[in-house]
Amino acid sequence: MNALWIFVLCLLCFGVGSDGLSGNGTSRPAVVNVGGIFTFDSTIGRVAKIAIQEAVKDVNSNSSLLRGTKLVVKLQNSNCSGFLGMVGALKFMETDVVAVIGPQSSVVAHSISHVANELQVPFLSFAATDPTLSSLQFPYFLRTTQSDLYQMTATAEIVEYYGWKEVIAIFVDDDYGRNGVSALDDALAARRCRISYKAGISPGAAVTRGDVMDVLVKVALMESRIIVLHAYPPLGFMVFSVAHYLGMMGDGYVWISTDWLTSVLDSSFPLPQDKMDIMQGVLVLRQHTPESENKRAFSSRWNKLTGGSLGLNSYALHAYDTVWLVAHALDSFFNQGGTISFSDDTKLQSVEGSNLHLEAMSIFDGGPLLLKNLLQSDFIGLTGPFKFNPDKSLVLPAYDIINVIGTGFRRVGYWSNYSGLSVSPPESLYSRPPNRSSTNQKLYSVVWPGNNVQKPRGWVFPNNGKQLRIGVPIRVSYREFVSQIPGTNNFKGFCIDVFTAAVNLLPYAVPHQFVPFGNGHENPSYTEMVKLITTGNFDGVVGDIAIVTNRTRVVDFTQPYAASGLVVVAPFKKLNSGGWAFLRPFSGQMWGVITIFFLFVGIVVWILEHRTNDEFRGPPKQQLITILWFSLSTLFFAHRENTVSTLGRMVLIIWLFVVLIINSSYTASLTSIFTVQQLYSPIKGLESLKETDEPIGFQVGSFAERYLEEIGIPKSRLVALGSPEQYATALQRGPGKGGVAAVVDERPYIELFLSNQCKFRIVGQEFTKSGWGFAFPRDSPLAVDLSTAILTLSENGDLQRIHDKWLSRSACSLENAELESDRLHLRSFSGLFLICGIACFIALLIYFLQIMHKYRQAAKAEAISDGSTGSRSKRLQTLLSLIDEKADKSSRDSKRRKVDRSVSDENMENDLGRDSRRREPQVSSQNEVH
């Protein structure tokens, strides 16, 4: 700030005169003076001068505005010089101007805004687009055009729309260029894009083609082919000319120019054909101004004024509206009682050196009120609604997107801060709700450099002789996936073949070299290997790299080429052997309920039949046997007792249906148990594993360790295992002998492990869903292209063929046995035979006990009658006769009488039925006679 004031004082020393006009005026002066400072012979200045002059005429001819006061705009030419522009601005500070239209240059605006703040004179620039000028640092600087903040946001959204990730920025190295590119960098970063290289060019007039060529040669060696050019017209055309000479305007390149180019195209069209030829396919932004009757009328008037020699561009329209803005603000200023008065700045008077004539610059007393009215102005101008946002930027920023083609150009769409990219004019979308979804972002087709209608890829491998450094893990286990060829830096395996096949599908060469990672004694940490991409040690990582959350935060992965996820593998045993397998279809509780219901139904039927059915009557012992026999015989539908009561039959029918379902279910379950192998493991999955305190194995270098710790398993329970052999040994030992209860690892490893280990199986479900991919730096376009190549490999079957080449193994002998029926062995039925044998033995034992009891009674009777014990042969004969003797006749007769009684009852009922049928015809015949 002190340096600035010293500079101002020096200017005054060199004779900057003072009109010394400072004093009080009337509330409605006859004349109000406004300054104007810009470069008259520049692209913008030529049209701005005419537009300002015409606006002053229109304002002064409007009787409803500035009633009785004439607006005078004093123009000052800055001659494309930042120094002269600042001097001109300081000259205005010595006069009675209440506002200044300008400056045109952002560089001058930065310098003079400090003076404007001090002297309270508003500066209204229709061309200074530097986004940093909108800060609170410069309250008396108003931008009456769109800020480059929005232009760079539009550029970033175009880059995002076409799917590009990196751009190169070529810019003029001053406040205008640097701050504009900084805004572009921020806008790209918000969309996960970035500027990969910034190439600044000196803003001086001494820049030569050689200087520009040096910059563009460096750009040509870069990876990105998306180039954003932010410069002034002379420098911009030189860049295009040199780029065309170097072949950088051909196929594969994308050039996006800021609105400096459209200001030339609109005001100087048609350009010479040689200039148009060097810009073919360039995308250009232009500040959008909606169509209106006033705009069309002014355009017609413009053509008459210039004779068609000078076109009307957006900066001319903004300059025209700026004059009207000042007029509206002054009218409100006077209506509010404002007066044109100036007072001395005591700060300037306190500076030593009276010969500097600092009293020539004075403070505009009405500056704050005028500034307030400027910010509150709201009218419809040639550029559309003219109103300021709270941040002092114009409302509804929008841009046209132009494509240079042939001898002219065409509009391919619009961008607005309200709705993004569209093919409809922004003003037609303001009445609708904003929709920034990707499906709503549209542009018409573009003809790119090289007359190419296909969207350029946007990047190439840098032509600097460097190869990509691809990190590859040195595995010591599961070498089918990745293994180093001894004595070389070459690798082989499933992952390497997939990467090579995908690279071969790319439409460009990928020079690369494999860099081993690991000590060769144990599997390396894949997370550490992936992190080396972020430090620049690797340009990518290839191998069996699991795509997990903590890795995706730092790198980008390709499309997964192999499905993966953590699973639990544990020992198992078969359950379909054993003599008591027939009891397994039902649980103990089920067996108990079935038994209770058999007895319950038997008792219920006995109660319902006891009074009416003789088969359910008799001595208590006989009735108890009847209940048991009836209920159990229903299991085989072999009950002989008839039910005569309605309730009894209803209960029996329902119970027989239940028995049918139970029998069917039992048969089906028992069939499955006897014919299909049943595998059992005490571990059911991850949850049951967490509930125990037994050790768990994991593969060295795998992310499984981190995952298990995150879900709450103590690190003390985790055991690192380095090979499939260690897996098998630890599982066979079990937790009781220094082994592990289970191993948690990724599915591809486990499937390869189980191909020759038949004693273990996967238990439970896969509890993470991920895959394997190749890792590259964030926003790497190679990751996107390789993802497309991997999908192609999957669709044409090459991925499966590579899998079969490396990972197909003969399945375990038990693998097929699980799907086949086992032969039925004696041990599966030994329990049934044992029960039947025991029942037969008990029955025979009871029978022989009864015979022996009868034999003793018979022997005593014979001894009493004969008076002797008899010989041994006679006793044996007596025993055999008892065994062979038929049952007691009386018991047989009682049973026969019971049967005869039931038969006679049935016959009696039949006879009665026949008699009744005989009588019916007789009665009917007698009725007929009568």
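Note that the structure is predicted; figures quoted are calculated from it, not measured. (Residues numbered from 1 in each chain as written. Predicted model: local features only at pLDDT ≥ 70, side-chain atom pairs only at ≥ 80, totals over all residues. Heavy atoms only, no water.)

Draft legend 1. Here's a closer look at the overall build of the chain. Of regular secondary structure, the chain possesses 30 helices and 32 strands. In the chain, the share of contacts with a sequence separation of at least 24, taken over all contacts with a separation of at least 6, comes to 73%. When the accessible area of the chain is evaluated, it comes to approximately 46,200 Å², of which 56% is carbon and sulfur surface. (Helix = DSSP H or I, 4+ residues; strand = E, 2+ residues; numbered from the N terminus. Contact = heavy atoms within 4.5 Å. Areas by Shrake-Rupley, 256 points an atom, 1.4 Å probe, with all protein chains shown as cover.)

Draft legend 2. Local environment of the sheet that holds strand β5 (residues 141–143). Sheet architecture is open: 5 strands sit in the order β2-β1-β3-β4-β5, paired in parallel fashion. A strand with exactly one partner marks an edge of an open sheet, and here the two such strands are β2 (70–77) and β5. Across 2 bridges, strand β3 (residues 100–101) lies against strand β4 (residues 123–125) in parallel orientation. Residue Ile101 lies in a different strand from β4, and its bridge partner there is Leu124. (Pairing = 2+ DSSP bridges.)

Draft legend 3. Layout of unusual backbone geometry. Of note, the bond from Gly102 into Pro103 is cis; its omega dihedral lies within 30 degrees of zero at 0°. By the element assignment, Pro103 lies in the loop between β3 and α4 (106–119). The residue Tyr478 is not glycine, and still its phi comes out positive at about 50°. Mapping Tyr478 onto the fold places it in the loop between β18 (468–473) and β19 (483–484). Given the relative accessible area of 5%, Tyr478 is considered buried. One non-glycine residue, Asp779, lies in the positive phi region at around 65°. Mapped onto the elements, Asp779 comes out in the loop between β32 (770–776) and α25 (781–796). Take Asp779: its relative accessible area is 12%, and that puts it in the buried class. (Buried < 20%, exposed > 50% of the residue type's maximum accessible area, 1.4 Å probe, protein only.)

Draft legend 4. Representation of the confidence of the model for the chain. Here the chain shows a mean pLDDT of 82. Residues at 70 or above account for 82%. Within the model, the stretch residues 1–26 combines pLDDT values under 50 with 45 contacts to residues more than four positions away or in other chains. Contacts of residues 916–930 to residues separated by more than four positions or lying in other chains number 0 contacts, the stretch itself having pLDDT below 50. (pLDDT = per-residue confidence, 0-100.)

Draft legend 5. Fine view of the sheet that holds strand β28 (residues 696–699). Here we have 5 strands laid out as an open sheet, ordered β29-β28-β30-β25-β31, and mixed in their pairing. Whereas interior strands pair on both sides, the edge strands pair on one side only; in this sheet they are β29 (718–721) and β31 (760–763). For this sheet the average axis-to-axis angle between neighbouring strands, irrespective of direction, equals 35°. The pairing of β28 with strand β30 (residues 742–746) spans 3 bridges and is parallel. Considered in β30, the bridge of Phe698 is made with Val744. Seen against the sheet, helix α24 (residues 747–754) touches β25 (566–571), β28, β30 and β31 and runs at an angle of roughly 125° to β30. (Axes fitted to C-alpha atoms, helices over the stretch in contact; angles between N-to-C directions.)

Draft legend 6. Inspection of the packing of aromatic side chains at higher detail. The final tally for this structure, using the stated rule, is 38 aromatic pairs. Between Tyr176 and Tyr232, the aromatic rings sit 5.0 Å apart at their centres with planes inclined by 15°, giving stacked as the arrangement. One end of the pair, Tyr176, is in helix α6 (residues 175–189); the other, Tyr232, is in the loop between β8 (226–230) and α8 (233–245), and 56 residues separate them in sequence. Given a relative accessible area of 8%, Tyr176 falls into the buried group. For Tyr232, a relative accessible area of 29% puts it in the partly exposed group. Lying across the ring of Phe40, Lys49 places its NZ or CZ 4.7 Å from the centre. One residue, Lys275, lies across the ring of Phe237, its end atom 4.3 Å from the ring centre. (Phe/Tyr/Trp six-rings, centres within 6.5 Å; stacked < 30°, edge-to-face > 60°. Lys NZ or Arg CZ within 6 Å of the ring centre and 35° of its normal.)

Draft legend 7. Region of the structure containing the nonpolar core. If you look at the biggest cluster of nonpolar residues, it comprises 83 residues, and the most contacted ones within it are Phe481, Phe494, Tyr561, Val744, Phe753 and Leu782. Three or more residues apiece are contributed to this core by two domains, here domain 3 (467–564 + 770–808) and domain 4 (565–575 + 677–769). Discounting residues that sit within four places of it in the chain, Tyr561 has contacts with Phe494, Cys495, Val498, Gly543, Asp544, Trp772, Gly773, Phe774, Ile790 and Leu799. With 72 residues, the next largest nonpolar core counts Ile52, Leu124, Ala128 and Leu142 among its residues. (Core = buried A, V, L, I, M, F, W, Y, C linked by side-chain atoms within 4.5 Å. Domains from an automatic or database assignment.)

Draft legend 8. Structural view of the UniProt feature "transmembrane region" (unreviewed entry) in the chain. Cross-referencing UniProt, the feature "transmembrane region" (unreviewed entry) maps to residues 590–608, 650–676 and 829–849 in the present numbering. Along residues 590–608, the helical share is 100% and the strand share 0%, with 27 Å between the first and last C-alpha atoms. (UniProt positions renumbered as here; feature names shortened; annotations may be inferred.)

Draft legend 9. Broad picture of the pairing of strand β14 (residues 384–387). Where strand β13 (residues 378–381) and β14 come together, 4 bridges link them in antiparallel fashion. Its bridge partner lying in β14, Asp378 is registered against Lys387. Taken together, β13 and the strand that follows it, β14, pair antiparallel across an intervening segment of 2 residues.

Draft legend 10. Focus on the pattern of salt bridges. Going through the model one piece at a time under the given rule, you end up with 26 salt bridges. With a shortest N-O distance of 2.6 Å, Arg301 and Glu54 are connected by a salt bridge. Taken together, the residues span a long stretch of sequence, with Arg301 in helix α11 (residues 293–306) and Glu54 in helix α2 (residues 43–60) at a distance of 247 residues. Between Arg192 and Asp779 there is a salt bridge whose closest N-O contact spans 3.6 Å. Placement of Arg192 in the loop between α6 and β7 (194–201) and of Asp779 in the loop between β32 and α25 is noted, with a sequence separation of 587 residues between them. One connected set of salt bridges, linked through shared partners, spans Glu54, Lys57, Asp58 and Arg301. (Salt bridge = Lys/Arg side-chain N within 4 Å of Asp/Glu carboxyl O.)

Draft legend 11. A look at the side chain of Asp266. Following the sequence through the fold, Asp266 ends up in helix α9 (residues 260–268). Under the relative-accessibility criterion, Asp266 is labelled buried at 18%. Separated by 2.9 Å, the side chains of Asp266 and Arg286 make a polar contact. In this structure Asp266 touches Arg286, Gly311, Leu312, Asn313 and Phe409, once residues within four positions along its chain are discounted. (Polar contact = N/O pair within 3.5 Å; in protein donor to acceptor, adjacent residues only side chain to side chain.)

Draft legend 12. The packing of helix α18 (residues 588–609) against helix α19 (residues 620–633), seen in detail. In the contact formed by α18 and α19, the axes pass within 8 Å of each other and the chain directions differ by 120°. The orientation of α18 relative to α19 falls into the category oblique. With respect to the hand of their crossing, α18 and α19 are arranged in right-handed fashion. Contacts between α18 and α19 involve Phe598, Leu599, Gly602, Ile603, Val605 and Trp606 on the former and, on the latter, Gln623, Ile627, Leu628, Phe630, Ser631 and Leu632. Here the contact of α18 with α19 is composed, by residue class, of 9 nonpolar, 3 polar and no charged. (Parallel < 35°, antiparallel > 145°, perpendicular 65-115°, else oblique. Left-handed = near helix turned anticlockwise from the far one by under 90°. Nonpolar A, V, L, I, M, F, W, Y, C, P; charged D, E, K, R; others polar.)

Draft legend 13. Summary view of the environment of Ser702. Mapped onto the secondary structure, Ser702 falls in the loop between β28 and α22 (704–710). The class for Ser702 is buried, based on a relative accessible area of 12%. With 156 residues separating them along the chain, Ser702 and Ala546 place their C-alpha atoms 8.7 Å apart. Setting aside its immediate chain neighbours within four residues, Ser702 contacts Asp745 and Glu746. Here Ala704 takes part through its backbone nitrogen, which lies 3.1 Å from a polar atom of the side chain of Ser702.

Draft legend 14. Main features of α2. The end-to-end C-alpha distance of α2 is 27 Å, a good match for the 26 Å that 18 residues give at a rise of 1.5 Å each. All of the buried residues along α2 are Thr43, Ile44, Gly45, Val47, Ala48, Ala51, Ile52, Glu54, Ala55, Val56, Asp58 and Val59. (Expected span 1.5 Å × (residues − 1).)

Draft legend 15. Quick look at the side chain of Asp259. Summarising the element assignment, Asp259 is placed in the loop between β9 (254–257) and α9. For Asp259, which is buried and forms no salt bridge, the nearest opposite charge comes from Arg286, at a distance of 9.4 Å. In this structure, Asp259 is in contact with Gln151, Leu285, Arg286, Gln287, Tyr315 and Tyr399, ignoring residues within four places of it in sequence. (Lys, Arg positive; Asp, Glu negative; His and termini not counted.)

Draft legend 16. The arrangement of the pairing of strand β22 (residues 540–546) in detail. Among the 7 residues in β22, 7 count as buried, and that is most of the element. As paired elements, β18 and β22 share 2 bridges and run parallel to each other. Bridged to Ile470 within β22 is Gly540. Pairing between β22 and β32: 3 bridges, direction antiparallel. If you follow Val541 over to β32, its bridge partner there is Ala775.

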